[in-house]
Amino acid sequence: MEGPQSSTDEALIQAVLAGNKDAFGPLAQRHTPRLFGLAFHLCRDYDTAADLTQETLVAAYEALDRVRDRDAFPAWLAGILRNKFRNLGRYECRRPTLSLDELREAGFDPRAPDSAHPGRAAEQREVWQALEGLAPQHREVLLMRYSDDLSYEDIARYLDLPVTTVTSRLGHARKALIQRAKEMGLL
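Calculation rules
Residues numbered from 1 in each chain as written. Predicted model: local features only at pLDDT ≥ 70, side-chain atom pairs only at ≥ 80, totals over all residues. Heavy atoms only, no water. Helix = DSSP H or I, 4+ residues; strand = E, 2+ residues; numbered from the N terminus. Contact = heavy atoms within 4.5 Å. Areas by Shrake-Rupley, 256 points an atom, 1.4 Å probe, with all protein chains shown as cover. Core = buried A, V, L, I, M, F, W, Y, C linked by side-chain atoms within 4.5 Å. Buried < 20%, exposed > 50% of the residue type's maximum accessible area, 1.4 Å probe, protein only. Salt bridge = Lys/Arg side-chain N within 4 Å of Asp/Glu carboxyl O. Patch = residues over 30% accessible without salt bridge, like charges linked within 9 Å, V, L, I, M, F, W, Y side chains within 5 Å. Expected span 1.5 Å × (residues − 1). Axes fitted to C-alpha atoms, helices over the stretch in contact; angles between N-to-C directions. Parallel < 35°, antiparallel > 145°, perpendicular 65-115°, else oblique. Left-handed = near helix turned anticlockwise from the far one by under 90°. Phe/Tyr/Trp six-rings, centres within 6.5 Å; stacked < 30°, edge-to-face > 60°.

**Looking at the overall build of the protein chain**
What the protein chain contains, in helices and strands, is nine helices and zero strands. Reading the helices (α) and strands (β) of the protein chain from amino to carboxyl end gives α-α-α-α-α-α-α-α-α. Residue pairs in contact within the protein chain that sit at least 24 positions apart in sequence constitute 64% of those at least 6 positions apart. As displayed, the protein chain has an accessible area near 10,100 Å², and 49% of this comes from carbon and sulfur atoms.

Okay, here's the thing in structure tokens:
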């Protein structure tokens with residue numbers, strides 16, 4: 001989102017707009033993991049997240065000439081993904097949550113335990129279970145802040161929200177997570 005990546009994004013966007021369609025590949029590859037993560041945070045379904053990520057990249061390619069602030073390209077992509085999610089009615093109609101085992105079987109485990117600390121697996125499962133019980137907007141900001149290690153400003157840019165809204169959501173999310181952890185007997 002910042003510095004060298006932004007200038008690289010800028011160069012790739014310029015190349016695509018100049019007619020080099022192949023330049024979109026590296027751009028898509030760079031942003032696919034975070035887009036997929038955001039999609040999965042929203043819908044909690046591997047297949048739906050993959051579909052939303054793909055649809056977002058297709059829409060982005062088709063509308064690339066409309067990117068106003070190329071430094072905010074990741075936020076622009078996230079906005080497309082969130083709009084696609086809303087337009088498909090995903091907030092009202094969630095599919096069942098995949099278990100961690102199902103994610104591992106599918107080859108996707110973004111928060112695999114550190115092999116140097118095998119005891120962390122059970123702890124991670126419990127944290128994931130607590131997170132899965134939160135509202136999507138709370139889970140989203142918590143994961144972006146603590147798993148992706150993004151600053152409040154980066155989260156705000158990525159979600160196209162004011163920093164004050166991110167701060168508020170994080171506060172509410174922490175309280176909800178503590179409450180959920182207490183209900184699960186973790187605290």
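**A closer look at the nonpolar core**
With 43 residues, the main nonpolar core has Phe24, Leu38, Leu64, Phe73, Ile155, Tyr158 and Leu159 as its most contacted residues. Considering every element that reaches this core, the biggest residue donor is helix α2 (residues 24–43), with ten residues.

**Quick look at the pattern of salt bridges**
If the charged atoms of two oppositely charged side chains come close together, the side chains can form a pair. The tally for this structure, following the rule as stated, stands at two salt bridges. Salt-bridge contacts for Arg82 lead to Glu140; the nearest nitrogen and oxygen are separated by 2.7 Å. One end of the pair, Arg82, is in helix α4 (residues 73–87); the other, Glu140, is in helix α7 (residues 136–147), and 58 residues separate them in sequence. Both residues of the pair, Arg82 and Glu140, count as buried.

**Brief notes about a nonpolar patch on the surface**
A cluster of nonpolar side chains, namely Ile178, Leu186 and Leu187, defines an oily patch on the protein surface of about 280 Å² accessible area. By secondary structure assignment, the location of Leu187 is in the segment after α9 (163–183). Classification of Leu187 as exposed rests on a relative accessible area of 66%.

**Describing α4**
Relative to the 21 Å expected for 15 residues at 1.5 Å per residue, α4 spans 21 Å between its end C-alpha atoms, a close match to the ideal helical length. Where α4 is concerned, the buried positions are Phe73, Pro74, Ala75, Leu77, Ala78, Ile80, Leu81, Arg82 and Phe85.

**Details of α7**
Taking 1.5 Å per residue, twelve residues should reach 16 Å; α7 reaches 15 Å between its end C-alpha atoms and fits that length. Within the sequence span of α7, burial applies to Pro136, His138, Arg139, Glu140, Val141, Leu142, Leu143 and Met144. Looking one or two places after α7, you find Asp149, whose phi comes out positive at around 60 degrees.

**Observations regarding the environment of Ala49**
Position of Ala49 among the secondary structure elements: in helix α3 (residues 46–62). It is 8.2 Å that separates the C-alpha atoms of Ala49 and Leu38, two residues lying eleven residues apart in sequence. For Ala49, the contacting residues outside a window of four places in its chain are Phe36, Ala39, Phe40 and Cys43.

**Notes on the packing of α2 against α4**
Here α2 crosses α4 at 40 degrees, and the two axes come no closer than 10 Å. Looking at the two axes, α2 sits oblique to α4. Judged by the sense of rotation from one axis to the other, the crossing of α2 with α4 is right-handed. Here α2 contributes Leu27, His31, Leu35, Leu38, Ala39, Leu42 and Cys43 to the contact with α4, which in turn contributes Phe73, Pro74, Leu77, Ala78, Leu81, Arg82 and Phe85.

**Structural notes on the packing of aromatic side chains**
Throughout the structure, instances matching the rule amount to four aromatic pairs. Ring centres 6.2 Å apart and planes at 15 degrees place the aromatic pair Phe36 and Phe40 in the stacked group. You can see Phe36 and its partner Phe40 sitting in helix α2, four residues apart, about one turn around the helix. What links up through ring pairs into an aromatic cluster is the set Phe36, Phe40 and Tyr46.

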